[in-house]
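Overview (structure and organization)
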Amino acid sequence: MVTDFSPLKAILSGSIILQTENAEKYQEKIDGSWNATIRTCKPCAFVKVASVSDVVSTVKFCVKNELEICVCAAMNSEFAYVDGAVVIDLSDINSVSVDVQSKGFRYVDRLDCPCKIYQSQVAVVGAGAKVGDVDAKTVPHGLVTPLGSYSGLGVAGFTLLGGTGFLTRAFGCTADNVLEFEIVTATGEVLKASERENDQLFWESILVSIGMMYLTMIPRARMDSESIVHEAEGRMGVVTSITFKLHEIPGHILGGELYYSISEGASAYKAIRDFVRQKADKRISVYMMLHFNDPGPQVICRFLFLGSPRDGEAILSELTEKTKPLENEVKPIPFDQFQKKADWMVPRGRTYYTPLGNFLKELTDDGIDIIFDAVSKAPKPSVMSDSNIYITSLGGKLQETTDEENPFPFKKAEFWVGCVVAVQDRNAYEELKSWADTTDQKLSKYGILPQGPEAEKVHNRLKNLKQRYDPENVFHQNVNVNPKEE
């Protein structure tokens, strides 16, 4: 049965893209996904919403007409669209408003002192914004909130999966820095959720992401830290904006890349790991990355010192003295420019395969050897160019939070390790998938596995939340908990 979208068109300030009416624009939307794997899907329609009221109207229309709903912004998720669904495209709701007057606030210690507050500079971010959009508005004010390390990553989906990146060691998870969500529920109601208003929905909105990590990993000890292909939107409703706490940083940080030979790569990574441990400085963050290109793999360390460049240069000098990089491209740079520098490593439009990855309580010598052994056994470079293995530092502020403050199950992780495989030749897909899965599985013995009573507790809480806000499971094109399951 063909759905008549004219009633929705009549009340939208945004637009609707149907294949039958504009095949070219429709195909442009299909081809806009980060991961080409999902480009064989044929959604019923793309609804480019321009306001919260557009989201409300679209949700109500879909519920009334019993249409599947997908929600996307940056088009990075494997759930961005599916066959036959109406895709609520949030990409135009991408405004970023920065309050530099310290007017933002949140309650703390609610039970002991309901009126105890602290002030914080804040950013109100539309759900269609990307990491680069937020950085571009906050960094000129010397402010940041911890987001992902890829500027094209969708902020809302990343946040709803907890979120870790270069700033996690200094400021905690992305979800730790949320002050308020605006959410459109399955009934079309618009709710604000914070510690002051709808506080259960606020905490449970964060718990949804963290809880899903428990649920998807009960059989496996891993989850993608960057969440590049697992962005989450629309589990309890459609998040339309998020208010974040901001933190001060210098106008220029010290950041950039160190390059090593493949023969010295394992020893260099072990020395970098030891250096981060010994310094125990939350201002230091490293991404050790093996990037595959046609000539062969590059051994890279992306180094960040979130303090004055002068202080950072003394620390960097110690590191380079220990590791002897072939090239040193670390320099004083604005943080937002540093963030963008590695975007070339994950180009849009490739066919990507990503195992879940592993949060490691300890990055051992054996773990690093497993990684470099996998590199030596990798398929030929021509079929896996633009693939990456990530070893990203955690700890710091993340490890300081308690279970009461943050139920994130990987607070004690020292590093996250994962593969993002770019498939250049579809005929080699199974070979590449097998290689990535084998590498991931070998590392899993060092992974942190959340399971047992706590995982069941999270599952039950998520189920209760779904029963309250989405009893018909309208929003299920995601990592889902069915409210009707026995």
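Since the structure is predicted, the reported quantities are computational estimates derived from the model, not experimental observations. (Residues numbered from 1 in each chain as written. Predicted model: local features only at pLDDT ≥ 70, side-chain atom pairs only at ≥ 80, totals over all residues. Heavy atoms only, no water.)

1. Points about the overall build of the protein chain
Looking only at helices and strands, one finds 15 helices and 20 strands in the protein chain. The buried share of the protein chain, reckoned over its 486 residues, is 62%. Across the protein chain, the fraction of contacts at a sequence separation of at least 24, relative to all contacts at a separation of at least 6, is 76%. Accessible surface computed for the protein chain: about 19100 Å², of which carbon and sulfur atoms make up 48%. (Helix = DSSP H or I, 4+ residues; strand = E, 2+ residues; numbered from the N terminus. Buried < 20%, exposed > 50% of the residue type's maximum accessible area, 1.4 Å probe, protein only. Contact = heavy atoms within 4.5 Å. Areas by Shrake-Rupley, 256 points an atom, 1.4 Å probe, with all protein chains shown as cover.)

2. Focus on the sheet that holds strand 1 (residues 15-17)
Each strand in a sheet pairs with its neighbour through backbone hydrogen bonds, running either in the same direction (parallel) or in the opposite one (antiparallel). In space, the four strands of this open sheet follow the order 1-2-4-3, with mixed pairing throughout. Edge positions in the open sheet fall to strand 1 and strand 3 (69-72), since each of these has one partner strand only. Pairs of neighbouring strands in the sheet enclose a mean axial angle of 25°, with direction left out of account. As paired strands, strand 1 and strand 2 (residues 45-48) are joined by three bridges and run antiparallel to one another. Across the sheet, residue I17 finds its bridge partner in strand 2, namely F46. Strands in contact with helix 2 (residues 23-30) are strand 1, strand 2 and strand 4 (86-89); relative to strand 2, the strand with the most contacts, it is inclined by about 80°. The strands touched by helix 3 (residues 52-64) within the sheet are strand 2, strand 3 and strand 4, with strand 4 carrying the most contacts at an inclination of about 170°. (Pairing = 2+ DSSP bridges. Axes fitted to C-alpha atoms, helices over the stretch in contact; angles between N-to-C directions.)

3. Observations regarding the packing of aromatic side chains
Counted according to the given criterion, the structure contains 12 aromatic pairs. Note on F5 and F61: the rings are 5.3 Å apart at their centroids and 35° apart in plane angle, and the pair reads as tilted. You can see F5 sitting in the segment before helix 1 (6-9) and its partner F61 sitting in helix 3, a full 56 residues away along the chain. Using a relative accessible area of 4% as the deciding quantity, one classes F5 as buried. (Phe/Tyr/Trp six-rings, centres within 6.5 Å; stacked < 30°, edge-to-face > 60°.)

4. Some remarks on the side chain of T243
As for its placement among the helices and strands, T243 is situated in strand 10 (residues 238-245). Setting aside its immediate chain neighbours within four residues, T243 contacts V122, A123, V124, N177, V178, L179 and E180.

5. Observations concerning unusual backbone geometry
Positioned with a positive phi, A280 is a non-glycine residue whose angle comes to about 50°. Looking at where A280 falls in the secondary structure, it is placed in the loop between helix 8 (265-279) and strand 13 (284-292). In this structure, K324 takes a positive phi of about 50° despite not being glycine. Locating K324 in the fold gives a position in the loop between helix 9 (309-323) and strand 15 (327-328). A relative accessible area of 52% places K324 in the exposed class.

6. Description of the nonpolar core
Core analysis: the biggest nonpolar cluster contains 88 residues, and F5, L90, F181, V238 and F335 have the highest contact counts within it. Broken down by element, the residue count for this core peaks at five residues, all from helix 3. Filtering out sequence-adjacent residues up to four positions away, V238 remains in contact with V55, V59, V71, I88, L90, E182, I183, V184 and F475. Of all hydrophobic cores here, the second largest spans 47 residues; its members include I315, Y353, I370 and A428. (Core = buried A, V, L, I, M, F, W, Y, C linked by side-chain atoms within 4.5 Å.)

7. Digging into the state of the cysteines
Applying the stated criterion to the full structure yields zero disulfides. Its sulfur unpaired, C70 is 8.0 Å from the next cysteine sulfur, which belongs to C72. (Disulfide = S-S within 2.5 Å.)

8. Topic: helix 8
The terminal C-alpha atoms of helix 8 lie 21 Å apart, and with 15 residues this matches the ideal 21 Å at 1.5 Å per residue to within 8%. Residues of helix 8 that are buried include every one of G265, A266, A268, Y269, K270, I272, R273, F275 and V276, and no others. Looking one or two places after helix 8, you find A280, whose phi comes out positive at around 50°. (Expected span 1.5 Å × (residues − 1).)

9. Some words on the environment of A80
Within the secondary structure layout, A80 lies in the loop between strand 3 and strand 4. Apart from the residues within four sequence positions on either side, A80 is in contact with I38, C70, C72, M75 and V87.

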